[in-house]
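Report on the structure
Residue strings, one per chain:
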Amino acid sequence: KIPWLIGIPALVYVVDFIFGYFKRNNLVETAYFERYGENGVSLHFKNPKSWENRSPTSYVYIMCPWISKYEWHAFTMFPEPSKENHSMLCIGASGDWTKQLYDKIEVPCLRQLYIHGPYMTEFSDKAITTSNAIAVATGVGITPTLSLMMNYAGRKRINIIWVVSKLCR
């Protein structure tokens, strides 16, 4: 019975992975990157056509082939405030990959990347069912909170508490 108990879930996982790889991967040829402050990068891109009925409050995996061809990293996205049908990511340089990204973006530029997703976050699912929301965010964790705020502005009451570790000088 062990092969059946392990084999069937493994088969479902492999089929789902293959389907997702070919159906949810999108090449974005003109993603706009720019530095934010001393350790942040913002990424702006036009939503792929397959995202027409997707929630803008979700997360995606991105892969930048000019950094590493095999590393995918998850980030929360939110709608671009100034452009329709565009999304934005805020990326804090905290690990090896994100520090490499920050170092390579010296000036604002257009580069290509692959996006896998989007996937709904539990954060957005819970917020949809309430009329009032309190969101507590720290650092770059403000991204899902901004997404929530922009999607439900005028329809729900959202109180935001943003905790920042360093004082501005």
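Look up a bit, the structure's there.
Keep in mind the model is a prediction, meaning the values are calculated, not measured.

1. A closer look at unusual backbone geometry
Cis geometry marks the peptide bond from Gly117 to Pro118, where omega comes out at 10°. By the secondary structure assignment, Pro118 is in strand 6 (residues 109–120). Residue Asn85 is not a glycine yet carries a positive backbone phi of 65°. Its place among the elements puts Asn85 in the loop between strand 4 (73–79) and strand 5 (86–92). Accessibility expressed as a relative area gives 42% for Asn85, which makes it partly exposed.

2. Focus on the nonpolar core
Judged by nonpolar contacts, the single largest core of 24 residues is most densely connected at Phe33, Phe45, Ile62, Leu89 and Leu101. Elements represented by at least two residues in this core include exactly strand 1 (25–36), strand 2 (40–46), strand 3 (58–63), strand 4, strand 5, helix 2 (96–104) and strand 6. Contacts of Phe33, omitting those with residues within four sequence positions, involve Val41, Ser42, Leu43, Cys64, Trp66, Leu101, Ile105, Val107, Pro108, Cys109, Arg111 and Leu113.

3. A look at the sheet that holds strand 4
Reading around the circumference, 1-2-5-4-3-6 is the order of the six strands in this closed barrel, with antiparallel pairing throughout. Averaged over all pairs of adjacent strands, the angle between strand axes in this sheet comes to 45°, irrespective of strand direction. In this fold helix 1 (residues 2–24) packs onto strand 1 and strand 6, with an angle of close to 135° to the strand it touches most, strand 6. Its contacts with the sheet place helix 4 (residues 142–152) against strand 4 and strand 5, and it is angled at close to 25° to strand 4.

4. Some words on the packing of aromatic side chains
Each aromatic ring pair is summarised here by two numbers: the centre-to-centre distance and the angle between the ring planes. One pass over the structure, following the stated rule, counts six aromatic pairs. For the ring pair Tyr13 and Phe17, a centre distance of 6.5 Å and an interplane angle of 25° mean the geometry is stacked. Of this pair, Tyr13 and Phe17 are both found in helix 1, four residues apart, which corresponds to roughly one turn of the helix. Like Phe17, Tyr13 is exposed. Just above the ring of Tyr102 sits the side chain of Arg35; from NZ or CZ to the centre is 3.9 Å.

What counts and what doesn't
- Residues numbered from 1 in each chain as written.
- Predicted model: local features only at pLDDT ≥ 70, side-chain atom pairs only at ≥ 80, totals over all residues.
- Heavy atoms only, no water.
- Helix = DSSP H or I, 4+ residues; strand = E, 2+ residues; numbered from the N terminus.
- Buried < 20%, exposed > 50% of the residue type's maximum accessible area, 1.4 Å probe, protein only.
- Core = buried A, V, L, I, M, F, W, Y, C linked by side-chain atoms within 4.5 Å.
- Contact = heavy atoms within 4.5 Å.
- Pairing = 2+ DSSP bridges.
- Axes fitted to C-alpha atoms, helices over the stretch in contact; angles between N-to-C directions.
- Phe/Tyr/Trp six-rings, centres within 6.5 Å; stacked < 30°, edge-to-face > 60°.
- Lys NZ or Arg CZ within 6 Å of the ring centre and 35° of its normal.

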